[in-house]
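Breakdown of the fold
Single-letter residue listing:
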Amino acid sequence: MKRIGVLALQGGFAEHMQKLRQISSVEAVLVKKREELDGLDGLILPGGESTAMGRLLRGEKLIDILRKKIRGGLPVWGTCAGMILLAGDIEGQKETYLDVMHIRVRRNAYGRQTESFSSDSPCPSVDKGIHRLIFIRAPYITGTAASVDILLKLDGHIVAAKEGTMLATSFHPELTDDLWFHQYFAEQIQHSPSVLT
Ligand code: GLN
């Protein structure tokens, strides 16, 4: 049984918990405090508001230990605001948060006119299905280092990427009916070597 944490400081953590509970090989736990990071095999950073989550991560003294664990190999998946937390470069702002993934992100990249939308798309790098992708004031990735694999582009913009044991999606698989991306994350964890820290 793999233990997957969901960061529960702010945002859409409950929906991720619900998805994880449907995967039999996984035990899902909420993470609000430092101690709750111990013994995890993976961690999901949910959508929400990256500035608020960043502030809470610092306030709870979680940011340095989390960065260390991710750099030490703790598999992590950031959705939407979670992608922004992972990014090493956030357009238009000096401040970064975890600064672990070599991606440049543009916050609220789709602008005010299309704040939220969905798209039915295949994602062949993950599986053979067509999936509904939901975007809510979403960021997308505007630059990647060579170490980053692009998992999905939509209309020319990178909306899913993987770097080693780190995953980032602009969209919200926790808000749709199928389990495809949660299952993909769980599989990545099965195959990743044990966490070093
Ligand atoms: N716009 C939010 C931010 O910049 C992200 C939106 C989301 O996570 N749904 O943090």
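Please refer to the structure higher up on the page.
Let me sum up the structure you'll find in this document. (Residues numbered from 1 in each chain as written. Predicted model: local features only at pLDDT ≥ 70, side-chain atom pairs only at ≥ 80, totals over all residues. Heavy atoms only, no water.)

1. So, the overall build of the protein
Note the threshold: Labels follow the DSSP assignment, with helices taken as runs of H or I lasting at least four residues and strands as runs of E lasting at least two, numbered in each case from the N terminus. Radius of gyration here uses only the C-alpha atoms, and the compact-globule reference equals 2.2 Å multiplied by the residue count raised to the power 0.38. Throughout, a contact is declared for two residues whenever any of their heavy atoms are within 4.5 Å. Neither His nor the chain ends contribute to the count of charged residues, in which Lys and Arg are positive and Asp and Glu negative. Note on charges: their place is set at NZ of Lys, CZ of Arg, CG of Asp or CD of Glu.
A count of helical and extended segments in the protein gives five helices and twelve strands. For 197 residues, the compact-globule estimate of 2.2 N^0.38 gives 16 Å, and the C-alpha radius of gyration of the protein, at 15 Å, lies within 12% of that figure. Each principal axis of the C-alpha distribution contributes one length, and for the protein these read about 40 × 40 × 30 Å. In the protein, 66% of the contacts between residues at least 6 apart in sequence involve partners at least 24 apart. The centroid of the 24 positive side-chain charges in the protein is displaced by 4 Å from the centroid of its 23 negative side-chain charges.

2. Overview of the side chain of histidine 182
Just so we agree on the cut-off: Exposed residues in this analysis have more than 50% of their type's maximum accessible area, buried residues have under 20%, and partly exposed residues fall in between, with area computed by a 1.4 Å probe over protein chains only. Counting of polar contacts relies on pairs of N or O atoms within 3.5 Å, with two restrictions inside protein: one atom must be capable of donating a hydrogen and the other of accepting it, and residues adjacent in sequence are counted only when both atoms are side-chain atoms.
Residue position: histidine 182 is located in helix α5 (residues 180–191). According to the relative accessible area criterion, histidine 182 is buried, its value standing at 0%. A polar contact of 2.9 Å, which involves the side chain of histidine 182, links it to the side chain of histidine 16. Histidine 182 has contacts with His16, Lys19, Leu20, Ile23, Ile44, Trp77, Pro173 and Glu174, leaving out every residue within four places of it along the chain.

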